[in-house]
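Listed below, chain by chain, are the residues.
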Amino acid sequence: MDAFSQVLSGLRLNGAVFFSAEFSAPWGLSAPAAKAMAATAAVRAEHLVLYHLVIEGGAVIELIDGQRTELDAGEIVVFPHGDAHHMSSRGAGERPFPDYGISAKIKARDLRPLRAGGGGDISRFVCGYMSCDPHLSRPILSGLPPVFKINIRTDPSGLWLESSILHLVDEAASGRIGSEAMLAKLSEALFVDTLRRYVASLPEQQPGWLTGVRDPIVGKSLALLHSRIADPWTIESLADEVGISRSALVQRFRRYLSEPPMAYLTRWRLQLAARSLEKTARGMAEIAADVGYESEAAFNRAFKREFGQPPGRYRSDHRALAAQSPEDAADATNRLN
């Protein structure tokens, strides 16, 4: 399995569509950052990716820093880091925009289309989120910009996804049993399909993990490291398996990932260890061995360098956070960040 597929398969995605709208110009709405959205929707998630899929008409997206993105029908806009943003018709006027009762619909999980606006040109869209594990998704998410858009109407698979999602949104709004569960799975498929399209569109010379996985040398190296995380890797053994000299492998890695292979491996091992500390009750020695450390002491030192605190303290802090309500957890996470 290639490294991109390996990371995707481990993301533990949990998707949902939370809002459906038919707005007439002029209209506009303001979407809070993902942590606040999670609290509104009563979703317990460590990382939320937000998206809007435009079905008809168009829209303008504006981040808080002023970055604007124009959207047309068939385009999906994704916010990988859950940035707060505005979405509106072209020339919608001054903010703040009215709420239109959106917050109440999200809290009630009401997927019936909200119809509002000034009576002009119609725009239809659905909005959703994707929760994923922040540790397992870091290689992919760290290479994504605050916002990007993809047209999903360029081939039959995208058209099928769009029509299926719209059908299930209608079913969920009518209360048909099982439709929300199916919609969640299709939402996940839409996210993966959008990511694949985005990666395919990146220029070859662009640095980063997402372009690195397409490189035959770096991609094969990443696949090996991810599939055999506990192996006693050295630069020599990795270069031998890939079939390239040590110096050429390091140079290729630095070109795309700005660090040598063993530094990348260390950080990925510690991300996996952090997830185990948060999600399991396994002992330190077992976790250390699982991610390739021969001694617990060496693991403790490496973990503290990466996360600023020893593994035991890291585990206790995150357990305390997990015990809170979604609203309190969002506030606490904001303070930690």
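Residues numbered from 1 in each chain as written. Predicted model: local features only at pLDDT ≥ 70, side-chain atom pairs only at ≥ 80, totals over all residues. Heavy atoms only, no water.

Chemist: Go over the layout of surface pockets with me, naming the residues and quoting the values.
Modeler: In this structure, the second largest pocket encloses a volume near 320 Å³. Arg12, Leu136, His226, Trp268 and Leu272 are the residues nearest the centre of the second largest pocket, which is lined by 15 residues in total. Secondary structure elements with two or more residues in the lining of the second largest pocket: α1 (3-9), α11 (261-279) and α12 (284-290). Examining the composition of the lining of the second largest pocket, we find that 4 residues originate from one element, α11, more than from any other. When its residues are assigned to classes, the lining of the second largest pocket shows 7 nonpolar, 4 polar and 4 charged. (1 Å grid on protein atoms, 1.4 Å probe; cavity = no way out; pocket = protein on both sides within 12 Å on 5 of 7 lines; lining within 4 Å. Points joined across faces, edges and corners; volume = space filled by probe spheres on them. Helix = DSSP H or I, 4+ residues; strand = E, 2+ residues; numbered from the N terminus. Nonpolar A, V, L, I, M, F, W, Y, C, P; charged D, E, K, R; others polar.)

Chemist: Account for the side chain of threonine 211, naming residues and giving values.
Modeler: Mapped onto the fold, threonine 211 is located in helix α7 (residues 209-212). Accessibility expressed as a relative area gives 3% for threonine 211, which makes it buried. A distance of 2.5 Å separates a polar atom in the side chain of threonine 211 from the backbone oxygen of glutamine 206. Contacts of threonine 211, omitting those with residues within four sequence positions, involve Leu202, Pro203, Gln206 and Tyr256. (Buried < 20%, exposed > 50% of the residue type's maximum accessible area, 1.4 Å probe, protein only. Polar contact = N/O pair within 3.5 Å; in protein donor to acceptor, adjacent residues only side chain to side chain. Contact = heavy atoms within 4.5 Å.)

Chemist: Requested: an account of unusual backbone geometry, with residues and values cited.
Modeler: Glycine aside, a negative phi is what most residues show, and trans is what most peptide bonds show. Of the consecutive residues alanine 25 and proline 26, the connecting peptide bond is found in the cis state with omega at -5°. Note that proline 26 resides in the loop between β1 (14-24) and β2 (28-31). In this structure, arginine 109 takes a positive phi of about 55° despite not being glycine. By the secondary structure assignment, arginine 109 is in the loop between α3 (102-107) and β8 (114-117). Judged by relative accessible area, which is 48%, arginine 109 ranks as partly exposed. The backbone phi angle of serine 258 is positive, close to 60°, even though this residue is not glycine. Considering the arrangement of structural elements, one finds serine 258 in the loop between α10 (246-257) and α11. According to the relative accessible area criterion, serine 258 is exposed, its value standing at 60%.

Chemist: How would you explain the sheet that holds β8 if you had to name every residue and give the values?
Modeler: Strand order in the open sheet formed by 6 strands is β8-β1-β9-β3-β6-β10, and the pairing between neighbours is mixed. Edge strands, defined here as strands with exactly one partner in the open sheet, are β8 and β10 (148-151). When the angles between neighbouring strand axes are averaged without regard to direction, this sheet yields 25°. In this structure, strand β3 (residues 48-56) lies alongside strand β9 (residues 122-131), joined through 8 bridges in antiparallel fashion. Bridging across to β9, leucine 50 finds its partner in tyrosine 129. This element, helix α5 (residues 156-174), spans β1, β3 and β9 of the sheet and lies at about 95° to β3. Strands in contact with helix α6 (residues 179-201) are β1, β3, β6 (75-79), β9 and β10; relative to β10, the strand with the most contacts, it is inclined by about 100°. (Pairing = 2+ DSSP bridges. Axes fitted to C-alpha atoms, helices over the stretch in contact; angles between N-to-C directions.)

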